[in-house]
Amino acid sequence: MSKPDTSWTPKIREKKLLTIRNDAEIGVWSGVVAEAIPIFNQKMMNAVKYELVAEGHANVIVKIAGGRKDDPKLGATATHGVARRWIGNRGVEEAEIYLPAQPSQGHKNVLLMIMLHEMAHAAGLENHASDGLFMTLPNISATGKISATKGGKSMPPFFFSNKTVVRMRAIW
Ligand SMILES: [Zn+2]
């Protein structure tokens, strides 16, 4: 059985907008969040948009994993992050995205893919897609080209599969 996607609370859903604060402007991750946001908004066809806020309250907070005791454990060779969501009676109320401190693949394309993938989880998607940014296990070439299958459609340019966009629209 696949897990159904999880929607945010109605109050947030009506804006179709998630504010996001970047507490991960460190090392290899510098600039990645800011670069990922317009890509996400465009490739998700505005099903939901992220808006960067400099400080204070935000719906989604981005962090580097490992700084605190209760952080999720990400392997040293991680090519993925973790999105944690707090779900109340009426849906998701807040979320955090944890990025691996030492991603095994430091290519900028891979960092962007990790961030864009977790943004989709934070916005409510659960089970992975078979292609695009929300795929399970990407093939990554030495030159930073990413594809679901060897010889498959490669990223960049980044894309979410149509099915992923339809699922996002359904919960927003
Ligand atoms: Zn995932």
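We now turn to the structure provided with this report. (Residues numbered from 1 in each chain as written. Predicted model: local features only at pLDDT ≥ 70, side-chain atom pairs only at ≥ 80, totals over all residues. Heavy atoms only, no water.)

Structural notes on the side chain of Thr164
1) Next: Assignment of secondary structure puts Thr164 in helix H4 (residues 162-171).
2) Next: Given a relative accessible area of 1%, Thr164 falls into the buried group.
3) Next: A distance of 2.8 Å separates a polar atom in the side chain of Thr164 from a polar atom in the side chain of Ser161.
4) Next: Setting aside its immediate chain neighbours within four residues, Thr164 contacts Met44, Leu125, Ala129 and Phe134. (Helix = DSSP H or I, 4+ residues; strand = E, 2+ residues; numbered from the N terminus. Buried < 20%, exposed > 50% of the residue type's maximum accessible area, 1.4 Å probe, protein only. Polar contact = N/O pair within 3.5 Å; in protein donor to acceptor, adjacent residues only side chain to side chain. Contact = heavy atoms within 4.5 Å.)

Things to note about the pattern of salt bridges
1) Next: What the rule picks out here adds up to six salt bridges.
2) Next: The closest approach of N and O atoms between Lys63 and Glu96, which form a salt bridge, is 3.1 Å. Taken together, the residues Lys63 in strand E3 (residues 60-64) and Glu96 in strand E5 (residues 91-99) connect sequence positions 33 residues apart. No difference in accessibility class separates Lys63 from Glu96, as the two residues are buried.
3) Next: One salt-bridge network, held together by shared partners, links Lys3, Arg85 and Glu126. (Salt bridge = Lys/Arg side-chain N within 4 Å of Asp/Glu carboxyl O.)

Structural notes on unusual backbone geometry
1) Next: In the segment running from Met155 into Pro156, the intervening peptide bond is cis, with an omega of -5°.
2) Next: Looking at the secondary structure, you find Pro156 in the loop between strand E7 (146-147) and H4.
3) Next: Pro156 connects to Pro157 through a cis peptide bond whose omega is 0°.
4) Next: One can find Pro157 in the loop between E7 and H4.
5) Next: Residue Asn46 is not a glycine yet carries a positive backbone phi of 60°.
6) Next: Mapped onto the secondary structure, Asn46 falls in the loop between helix H2 (32-43) and strand E2 (49-53).

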